[in-house]
Amino acid sequence: MRLKFTVNGRQAEADDVWEGESLLYVLRERLGLPGSKNACEQGECGSCTVRLDGVAACACLVAAGQVQDREVDTVEGLAGEDELDAVQRAFVDAGAVQCGFCTPGLLVAADDLLERCPSPSDSEIRESLAGNLCRCTGYEKIMDAVRLAADRRAEEARS
Amino acid sequence: MTSQVTPYAIGTALQRLDGRSKVTGTAPYAFERVVDNATYLHPVQATIALGQITAIDTAEAEALDGVITILTHVNAPRLASTEDRELAVLQTDRVSFRGQLIGAVIADTPETARQAAGLVRISYAQWPHEAELSSERSDLYTPEAVNPSFPADTDEGDVDTAMSAAPVTLDTTYTTPLEYNNPMEPHTTVALWNDHELTLYDSTQGAHTVRTTVAPVIGLDPERIHVSAPHVGGGFGSKGIPHAHIVLAALAARTVEGRPVKFALTRQQMFSLAGHRTPTIQRVRLAADTDGRLSALAHDVVEWTSKVKEFAEQTAVPSRNVYAAPNRRTSHRLAALDVPVPSWMRAPGECPGMFGPEVAVDEMALKCGIDPVEFRARNEPDVDPETGKPFSSRHLVECLREGADRFGWHHRDPTPASRTERGWLVGTGVASSIYPTLRAVSTATIRVEAADHYRVDIGATDIGTGTWTALTQIAADALEVPVGHVDLRIGETAQPEASVAGGSTGNATWGTAIVEAARALQDTHGRPPEIGAEASGTTPNNPETERFAMFAHGAQFAEVRVHADTGEIRVPRMLGVFAAGRIINPRTAHSQFIGGMTMGLSMALHEVGVLDTRFGHVVNHDFAEYHIPTNADVGDIDATWIDEDDPYVNPMGAKGIGEIGIVGAAAAIANAAHHATGIRLRELPITPDALLR
């Protein structure tokens with residue numbers, strides 16, 4: 001099929017797409033957007049988390065045919081032209097990045113959480129991000145980063 | 001004494017230099033390297049544990065549109081060396097373990113390759129296999145050495161006599177399960193063969209290690225193999241020793257010369273192809289006087305290896321160095337089974353080997369009626385019990401005491417099962433940790449590119465540990481310039497040869513090479529050196545190892561809550577206090593410590609590979625069923641450290657920290673679970689059924 005959908009606010013097209021191939025494959029191998037990672041291909045690890053019409057989803061479990069005429073947001077769309085998003089800055093500042101392979105999915109999931117719940121409690125953060133496995137950090141720095149991002153976004157909203 | 005670098009950047013919490021590229025999704029991991037006209041490889045794996053391939057039918061697979069070629073042992077290029085039987089892929093019709101690579105489909109898309117791999121029909125003659133580990137096996141043998149080159153057995157004094165003479169003794173067996181490293185990035189190789197040159201974009205802990213391992217296997221001059229690994233999504237040992245998939249990718253690339261072959265293992269494939277930690281059976285014997293002073297310590301280990309290639313985990317080795325006991329014995333016995341090849345997993349040896357003894361010490365402390373922190377302090381050796389050498393620095397007791405203060409240990413009623421809060425049984429536990437301070441050999445080159453611009457080249461790797469950042473700090477201090485003047489390049493065989501990121505040796509080895517290069521630059525070219533000046537340095541032997549025993553130490557504390565009705569087990573609090581020389585970067589180090597502790601929590605409560613011995617198959621071979629902790633599984637985990645001034649280990653005074661965080665963590669949790677419930681847990685992982693009485 002000819003696949004047409006919106007990625008990070010821009011129209012994207014790919015030809016000769018098999019409807020059953022994963023959105024993750026389309027993003028990574030056809031559209032040159034390798035930010036979303038492939039780490040389990042069964043929706044268990046969250047490394048490929050994107051937003052599909054605003055809803056967080058594992059791109060490995062979304063068939064290409066399902067995204068026709070829909071909107072997809074990936075980690076590549078978080079930052080502005082020159083400036084990182086508050087969530088991205090917070091992950092760097094808090095030292096929440098190690099090997100970095102879970103990071104893009106976590107950033108999208110954290111962005112989604114903060115949009116739904118601007119000042120989450122610790123248990124809300126832990127529960128919301130429980131679908132994003134990290135093998136390096138032990139999650140403490142990720143908690144710090146999400147708290148920091150929430151504070152900064154609140155600060156930005158006030159000013 | 002080693003001449004020390006004056007720390008300016010060292011010791012500061014410099015932000016991770018690769019942070020920005022990782023949070024924007026632009027850091028290129030192996031599969032993401034831009035190549036033209038790519039092909040995709042999907043392997044065919046054996047579905048029996050032992051036997052012989054009798055027929056292969058590829059007709060249906062080959063008929064699929066987009067299939068380029070299918071490799072099996074029948075048509076695959078011959079390897080130059082099959083001495084390493086793990087790496088000798090597609091060379092015989094023999095199957096030596098379930099999941100072994102026995103074929104490969106190369107196709108235009110990964111979907112096609114995968115579909116075709118499923119259509120390859122293999123017929124086997126199946127032979128009876130052995131996949132059951134037991135200490136009762138009659139074929140257990142003593143390896144010549146255990147990883148990497150320790151003697152398999154040691155025996156000092158007379159353990160048996162000490163055991164019969166002592167008023168307090170313990171003779172108990174502990175087990176740790178089959179475990180998998182599971183870095184988040186699956187093992188990946190992109191291979192391009194062009195005119196007798198092989199380029200490998202690989203997810204590895206050592207670019208040079210891949211080159212020197214693969215070269216003799218495929219029969220290429222090492223200089224013709226180019227390995228690149230600037231960003232690696234975790235390894236934890238499983239990307240340290242190159243595995244068979246790299247050779248398969250190279251063979252495939254040779255077959256489709258000129259077109260790159262992209263090959264990423266799936267999570268499920270990793271369980272048979274990327275190494276694992278052997279299960280261990282550990283008999284621990286302790287003898288003590290009524291004051292809790294150990295007179296004997298024996299640690300006898302039974303574990304497995306693969307018939308394909310021996311890997312002997314050094315599980316009993318830490319028992320040679322931790323506690324003073326005049327009579328000591330350690331041994332390793334292996335069962336060679338028809339299973340995939342075990343390998344390094346974070347703190348091989350120390351991690352499983354500090355589970356049995358550290359639970360045993362808790363049991364002995366209780367028997368003697370002595371606080372477990374105090375018991376350990378009473379058995380603190382004056383010198384390394386194994387070699388008789390003094391320690392270059394050792395602050396285990398200080399870690400224990402500081403941890404006890406910070407954790408609130410002293411408020412604890414030592415009686416097991418004495419504290420209940422709203423239906424939860426609450427307990428606390430402690431364990432020691434130890435990890436050797438080692439170093440390998442590497443070379444670094446520094447070149448003055450422009451005023452205030454020093455380019456540092458070393459073929460080191462950053463698997464998430466923070467190498468990019470820490471080595472930049474070390475280079476800056478070695479050159480006595482700000483970090484902004486240093487342009488570090490790592491991860492390529494084009495750079496000077498460097499050792500693998502393993503054994504917590506990275507910073508010590510690579511940092512020392514960089515310091516040597518900086519000193520050579522200054523000695524040869526003055527200060528500041530002129531533009532264009534260049535010098536190299538290589539990690540020298542450390543003569544101080546003749547005089548001193550060198551280890552990092554730590555103390556692990558855990559609080560465990562067990563639900564009285566359901567047996568649900570939670571770990572709301574963990575604290576690690578470590579003594580590991582000078583900390584290069586507190587920000588990255590803290591994350592390394594607590595990441596290690598979390599992997600220890602994972603070992604305590606979650607991780608177990610369930611092997612169906614009838615088929616030699618690990619049935620829970622994915623993240624759906626092989627569990628590692630999620631964010632919601634962990635509580636407040638913190639780590640701190642005692643500053644050590646150790647001028648003997650290396651010019652930075654730094655000990656490796658990548659592995660010590662996992663050591664002892666599972667024992668601290670098991671001991672806390674006993675304190676909470678009165679149920680002694682000697683088998684990992686600890687699951688609710690074991691806590692229901």
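Just so we're clear, the structure is a prediction, and the values are computed from it rather than from any experiment.

Analysis parameters
- Residues numbered from 1 in each chain as written.
- Chains lettered and ligands numbered in written order.
- Predicted model: local features only at pLDDT ≥ 70, side-chain atom pairs only at ≥ 80, totals over all residues.
- Heavy atoms only, no water.
- Helix = DSSP H or I, 4+ residues; strand = E, 2+ residues; numbered from the N terminus.
- Buried < 20%, exposed > 50% of the residue type's maximum accessible area, 1.4 Å probe, protein only.
- Expected span 1.5 Å × (residues − 1).
- Contact = heavy atoms within 4.5 Å.
- Buried area = accessible area lost by both parts, 1.4 Å probe.
- Salt bridge = Lys/Arg side-chain N within 4 Å of Asp/Glu carboxyl O.
- Polar contact = N/O pair within 3.5 Å; in protein donor to acceptor, adjacent residues only side chain to side chain.
- Axes fitted to C-alpha atoms, helices over the stretch in contact; angles between N-to-C directions.
- Parallel < 35°, antiparallel > 145°, perpendicular 65-115°, else oblique.
- Left-handed = near helix turned anticlockwise from the far one by under 90°.
- Nonpolar A, V, L, I, M, F, W, Y, C, P; charged D, E, K, R; others polar.
- UniProt positions renumbered as here; feature names shortened; annotations may be inferred.
- Pairing = 2+ DSSP bridges.
- Domains from an automatic or database assignment.

(A) Spatial organisation of the overall build of chain A. Scanning chain A from terminus to terminus reveals five helices and five strands. Sequence-ordered secondary structure for chain A, helices as α and strands as β, is β-β-α-β-β-β-α-α-α-α. Once the C-alpha set of chain A is aligned to its principal axes, its extents read approximately 45 × 35 × 25 Å. Looking at chain A as a whole, 57% of its 159 residues are labelled buried.

(B) Just helix H3 (residues 103–116) of chain A, in detail. Between the first and last C-alpha of H3 of chain A there are 20 Å, a value that for 14 residues agrees with the 20 Å anticipated at 1.5 Å per step. Each element contacted by the buried residues of H3 of chain A is listed here: strand S3 (49–52), strand S4 (55–58), helix H2 (86–93), helix H4 (122–128) and helix H5 (140–158) of chain A together with helix H1 (19–23) of chain B.

(C) How the structure looks around the interface of chain B and chain A. Contact with chain B, which involves 56 residues of that partner, is made by 49 residues of chain A. Both faces combined, the contact of chain B with chain A buries some 4,200 Å², and carbon together with sulfur accounts for 54% of it. Broken down residue by residue, the surface that chain B buries against chain A is led by Val23, Met184 and Asn631 of chain B, which jointly contribute 19%. On the surface where chain B and chain A come into contact, there are five salt bridges. The residue Glu29 of chain A makes a salt bridge to Lys262 of chain B at a minimum N-O spacing of 3.1 Å. Seen at the junction of chain B and chain A, the total is 31 residue pairs in polar contact (both at pLDDT 80 or more).

(D) Region of interest: the packing of H2 of chain A against H5 of chain A. All names here are of chain A. Between H2 and H5, whose axes approach to 8 Å, the crossing angle comes to 140°. Between H2 and H5, the angle is such that the two are oblique. Taken as a pair, H2 and H5 cross one another with a handedness that is right-handed. Residues Ala86, Val87, Arg89, Ala90, Phe91 and Asp93 of H2 lie in contact with H5, whose contacting residues are Ile142, Ala145, Val146, Leu148, Ala149, Arg152, Arg153 and Glu156. Looking at the contact of H2 with H5 residue by residue, the classes come out as nine nonpolar, no polar and five charged.

(E) Looking closely at the UniProt feature "domain: Aldehyde oxidase/xanthine dehydrogenase a/b hammerhead" (unreviewed entry) in chain B. Mapped onto the present numbering, the UniProt feature "domain: Aldehyde oxidase/xanthine dehydrogenase a/b hammerhead" (unreviewed entry) falls on residues 24–128 of chain B. As annotated, residues 24–128 of chain B comprises 13% helix and 33% strand, and the C-alpha atoms at either end are separated by 52 Å.

(F) Spotlight on the sheet that holds strand S26 (residues 636–641) of chain B. All names here are of chain B. In space, the five strands of this open sheet follow the order S16-S17-S22-S23-S26, with mixed pairing throughout. Of all strands in the sheet, those bounded by a partner on one side alone are strand S16 (420–421) and S26. Across 13 bridges, strand S17 (residues 424–436) lies against strand S22 (residues 551–563) in antiparallel orientation. Of the residues in S22, the one forming a bridge with Ile434 is His553. Against the sheet, helix H14 (residues 586–605) contacts S22, strand S23 (569–579) and S26, and its axis sits at roughly 130° relative to S26. With respect to the sheet, helix H15 (residues 665–677) is in contact with S17, S22 and S23, its orientation differing from that of S17 by roughly 155°.

(G) Expanded view of the domain arrangement of chain B. All names here are of chain B. The assigned domain composition of chain B is domain 1 (19–27 + 440–541), domain 2 (33–128 + 187–273) and domain 3 (154–179 + 277–437 + 547–691). Relative to domain 3, the C-alpha centre of domain 1 lies at a distance of 35 Å. Between domain 1 and domain 3, roughly 1,100 Å² of surface is buried when both sides are summed, and carbon and sulfur atoms account for 62% of that area. It is Thr465, Gln473 and Ser504 in domain 1 that bury the most area against domain 3; as a group they hold 39% of the surface buried on that side. The interface formed by domain 1 and domain 3 holds zero salt bridges in total. Across the contact surface, domain 1 and domain 3 share five residue pairs in polar contact (both at pLDDT 80 or more). At the level of elements, helix H12 (467–479) and helix H13 (506–525) are the ones that each hand at least two residues to the side of domain 1 that touches domain 3.

(H) Local environment of the pattern of salt bridges. The final tally for this structure, using the stated rule, is 62 salt bridges over all chains. We note a salt bridge from Arg30 of chain A to Glu21 of chain A, for which the minimum N-O separation is 2.5 Å. For Arg30 of chain A, a relative accessible area of 30% puts it in the partly exposed group. Notably, a salt bridge pairs Arg283 of chain B with Asp171 of chain B, separated by 2.7 Å at the nearest N-O pair. With Arg283 of chain B in strand S13 (residues 280–288) and Asp171 of chain B in strand S8 (residues 168–176), the pair connects residues that are 112 residues apart, well separated along the chain. Looking at Asp171 of chain B, the relative accessible area reads 44%, which means it is partly exposed. Three or more residues joined by partner-sharing salt bridges are found here, namely Arg51, Asp85, Asp111, Asp112, Glu115, Arg116 and Arg153 of chain A.

(I) Structural context of unusual backbone geometry. Residues and elements named next belong to chain B. At the junction of Asn147 and Pro148, the peptide bond is cis and its omega measures out at -10° in the coordinates. For Pro148, the location among the structural elements is in the loop between strand S6 (121–126) and strand S7 (154–156). Residue Leu684 is joined to Pro685 through a cis peptide bond whose omega torsion reads -5°. One can find Pro685 in the loop between H15 and helix H16 (688–691). With a phi angle near 60°, His196 is a residue other than glycine that sits in the positive phi range. Looking at the secondary structure, you find His196 in the loop between strand S9 (188–194) and strand S10 (197–202).

(J) Summary view of the side chain of Asp300 of chain B. Residues and elements named next belong to chain B. As for its position among the elements, Asp300 is in strand S14 (residues 294–306). Accessibility expressed as a relative area gives 12% for Asp300, which makes it buried. In this structure the side chain of Asp300 is engaged in a polar contact, spanning 2.6 Å, whose partner is the side chain of Ser331. Not counting the four nearest positions on each side in its chain, Asp300 is found in contact with Ile281, Gln282, Arg283, Arg285, Arg329, Thr330 and Ser331.

(K) Region of the structure containing the domain arrangement of chain A. Residue and element names in this part refer to chain A. One can read the domain layout of chain A as domain 1 (3–75) and domain 2 (86–158). Between the C-alpha centres of domain 1 and domain 2 the distance comes to 22 Å. Taken together, the contact between domain 1 and domain 2 spans 15 residues of the former and 14 residues of the latter. Between domain 1 and domain 2, the buried area comes to about 1,100 Å², and carbon and sulfur atoms account for 57% of it.

(L) Looking closely at the environment of Met652 of chain B. All names here are of chain B. Topologically, Met652 is positioned in the loop between S26 and H15. A relative accessible area of 1% means that Met652 is categorised as buried. C-alpha of Met652 to C-alpha of Asn507: the two residues are 145 residues apart in sequence and 9.0 Å apart in space. Beyond its immediate sequence surroundings of up to four residues, Met652 is in contact with Gln4, Ile10, Ile474, Asn507, Ala508, Gly511, Thr512, Val515, Arg582 and Ile584.

(M) Up close: the pairing of strand S1 (residues 3–7) of chain A. Residue and element names in this part refer to chain A. Within S1, four of the five residues are buried, leaving the element largely enclosed by the surrounding structure. Looking at chain direction, S1 and strand S2 (residues 10–14) are connected through five bridges and run antiparallel. Each residue of the ladder has a partner; that of Leu3, found in S2, is Ala14. Count of turn residues in the S1/S2 antiparallel hairpin: two residues, of which Asn8 carries a positive phi of about 50°. Here two bridges tie S1 to strand S5 (residues 71–73), and the two strands are oriented parallel to one another. Bridge pairing links Val7 to Val72 in S5.

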